[in-house]
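Okay, here's what each chain looks like letter by letter:
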Amino acid sequence: MKKRANIVAGNWKMNKDYQQGRDLTLEIVNKLQPSETVVILCPPFTHLQNTHTAINDISNLHLGAQNCHQEESGAYTGEISTGMLKSCGCDFVIIGHSERREFFSESDELLARKVDRALATGLRPIFCCGEPLPIREKGTHAAHVSEQVKNGLFHLPEEQMKEVVIAYEPIWAIGTGKTASPEQAQEMHQVIRSLLAKQYSEALAERISILYGGSVKPANAAELFAKPDVDGGLVGGASLKADDFIGIINHSNEALAK
Ligand code: PGA
């Protein structure tokens, strides 16, 4: 019996206008069955309030944001603070997605500050890590991901670390239709969990949910989620279709039932 939650989080990225977002949320709400899987919707900022209203009464459904600023408030035109997210009903925030690292030059140091800010506001970070293809081909992926985890998270005391969710997302598998094999995912999740055990404790390592991300879909979710250290998924493309997203959640429920 696992000591940690299985989580399926939908990262809509920069997709769906207001009405489309509303329709998608309502379809998910209507089709979702109560279950043990923690489901998180991470729509764009402009949809948060509305999504929150739609999911309000559903106990296993939570709201997350895709990014936040590292400062509490101030003259940062165009940015969104963790306090704003919390006041819109967010429980989670994705931090360090590879698209933020790559297209917005977010460094490990900056991400560590965002993690601190999120936790100080009572938001749970979904901290992303993952290697690009050349690093995988060189065979140094475990070291690469370990550095990201250490630099982004290991300044936290155990009390705060307990609140963090980790998402391993190999960059070569994101949006490419190319998924890591269940064995590749398991191997890296185990590396991350051992790192947590070494830095903190076995007990803490057993409590942290580690999600896999990168072209998760209903057709591959069952075998990924069957791996002992894969505690659900961070889903991009397939979270934009209610039936696919629900299909993935169902695979998480089945994995939990085994
Ligand atoms: P994908 O995206 O499922 O479309 O590959 C995953 C992610 O980037 O979180």
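Residues numbered from 1 in each chain as written. Predicted model: local features only at pLDDT ≥ 70, side-chain atom pairs only at ≥ 80, totals over all residues. Heavy atoms only, no water.

### Describing the overall build of the protein
- Counting its regular elements, the protein contains 12 helices and eight strands.
- Here the C-alpha atoms of the protein give a radius of gyration of 17 Å, agreeing with the 18 Å that 2.2 N^0.38 yields for 258 residues.
- Reported as C-alpha extents along the three principal axes, the dimensions of the protein are approximately 45 × 45 × 35 Å.
- When each of the 258 residues of the protein is scored for burial, the buried share is 53%.
- For the protein, long-range pairs separated by at least 24 residues make up 72% of all intrachain contacts whose partners lie at least 6 apart in sequence.
- Working note: accessible area of the protein is about 11,500 Å², and carbon and sulfur atoms make up 51% of it. (Helix = DSSP H or I, 4+ residues; strand = E, 2+ residues; numbered from the N terminus. Rg over C-alpha atoms; globule rule 2.2 N^0.38 Å. Buried < 20%, exposed > 50% of the residue type's maximum accessible area, 1.4 Å probe, protein only. Contact = heavy atoms within 4.5 Å. Areas by Shrake-Rupley, 256 points an atom, 1.4 Å probe, with all protein chains shown as cover.)

### What to know about the site of the ligand
- Of all residues adjacent to the ligand, which total 13 residues, the nearest are Lys13, His97, Glu169, Gly175 and Ser215.
- Between the ligand and Gly175 there is a distance of 2.6 Å, counted from an oxygen atom to a backbone nitrogen or oxygen.
- At 2.9 Å from an oxygen atom of the ligand is found a main-chain nitrogen or oxygen belonging to Gly236.
- Across the complex, the protein chains shield 95% of the 290 Å² of accessible surface that the ligand would expose by itself.
- Of the residues that constitute the shell around the ligand, the class distribution is four nonpolar, seven polar and two charged. (Near = heavy atom within 4 Å. Polar contact = N/O pair within 3.5 Å; in protein donor to acceptor, adjacent residues only side chain to side chain. Nonpolar A, V, L, I, M, F, W, Y, C, P; charged D, E, K, R; others polar.)

### Notes on helix 2 (residues 48-55)
- Taken residue by residue, helix 2 has Leu48, Asn50, Thr51 and Ile55 as its buried positions. One face of helix 2 carries all of its buried residues, which in axial projection span an arc of 165 degrees.
- Where the residues of helix 2 are buried, they touch helix 1 (18-31), strand 2 (38-42), strand 3 (61-65) and helix 3 (82-87). (Arc of directions from axis to C-beta.)

### Quick look at helix 9 (residues 182-199)
- With 18 residues, helix 9 extends 26 Å from end C-alpha to end C-alpha; this agrees with the ideal 26 Å at 1.5 Å per step.
- For helix 9, the full list of buried residues reads Pro182, Ala185, Gln186, Met188, His189, Ile192, Arg193, Leu195, Leu196 and Ala197. (Expected span 1.5 Å × (residues − 1).)

### Topic: the nonpolar core
- Leu153, Met161, Ile166, Ile192, Leu196 and Tyr212 are the most contacted members of the largest nonpolar core, which has 63 residues in total.
- Every residue in contact with Ile166, bar those within four places of it in the chain, is listed here: Phe127, Cys129, Leu153, Met161, Ile192, Leu196, Ile208, Ser209, Ile210 and Leu211.
- Ile7, Val38, Val165 and Leu211 belong to the second largest nonpolar core, which has 13 residues in total. (Core = buried A, V, L, I, M, F, W, Y, C linked by side-chain atoms within 4.5 Å.)

### Things to note about the packing of aromatic side chains
- Going through the model one piece at a time under the given rule, you end up with two aromatic pairs.
- Ring centres of Phe154 and Tyr200 lie 5.5 Å apart, and the angle between their planes is 85 degrees; this geometry places the pair in the edge-to-face category. One end of the pair, Phe154, is in the loop between helix 7 (141-153) and helix 8 (158-161); the other, Tyr200, is in the loop between helix 9 and helix 10 (202-207), and 46 residues separate them in sequence.
- Residue Phe154 is classed as buried on the basis of its relative accessible area, which comes to 13%.
- Here Tyr200 falls in the buried class, since its relative accessible area comes to 15%.
- Above the plane of the ring of Phe104 lies Arg100, whose end atom (NZ or CZ) is 3.9 Å from the centre. (Phe/Tyr/Trp six-rings, centres within 6.5 Å; stacked < 30°, edge-to-face > 60°. Lys NZ or Arg CZ within 6 Å of the ring centre and 35° of its normal.)

### Let's talk about the environment of Gly89
- Tracing the backbone shows Gly89 in the loop between helix 3 and strand 4 (92-95).
- Taking relative accessible area as the criterion, Gly89 reaches 17% and is therefore assigned buried.
- Considered as a pair, Gly89 and Met161 are 72 residues apart in the sequence and their alpha carbons are 22 Å apart.
- When residues no more than four places from it in sequence are discounted, the contact partners of Gly89 are His52 and Leu63.

### Re the packing of helix 7 against helix 9
- Following both chains from N to C, one finds helix 7 and helix 9 inclined at 45 degrees, their axes separated by 10 Å at the closest point. As summarised for this structure, helix 7 and helix 9 are arranged oblique, according to the angle between their axes. By crossing handedness, the relation of helix 7 to helix 9 is classed as right-handed. Touching His141, Ala142, Val145, Ser146, Val149 and Lys150 of helix 7 are Glu187, Met188, Val191, Ile192 and Leu195, all from helix 9.
- Of the residues in the contact of helix 7 with helix 9, the class split is seven nonpolar, two polar and two charged. (Axes fitted to C-alpha atoms, helices over the stretch in contact; angles between N-to-C directions. Parallel < 35°, antiparallel > 145°, perpendicular 65-115°, else oblique. Left-handed = near helix turned anticlockwise from the far one by under 90°.)

### With respect to the sheet that holds strand 2
- Strands sit in the order 1-2-3-4-5-6-7-8 around a closed barrel of eight strands; the barrel is parallel. Averaged over neighbouring strand pairs, the angle between their axes works out to 25 degrees when direction is ignored.
- By the bridge criterion, three bridges tie strand 6 (residues 165-168) to strand 7 (residues 210-213) in an arrangement that is parallel. Bridge assignment links Ile166 to a residue of strand 7, and that residue is Ile210.
- Strands strand 5 (124-129) and strand 6 of the sheet are contacted by helix 7, whose axis makes an angle of about 150 degrees with strand 5. (Pairing = 2+ DSSP bridges.)

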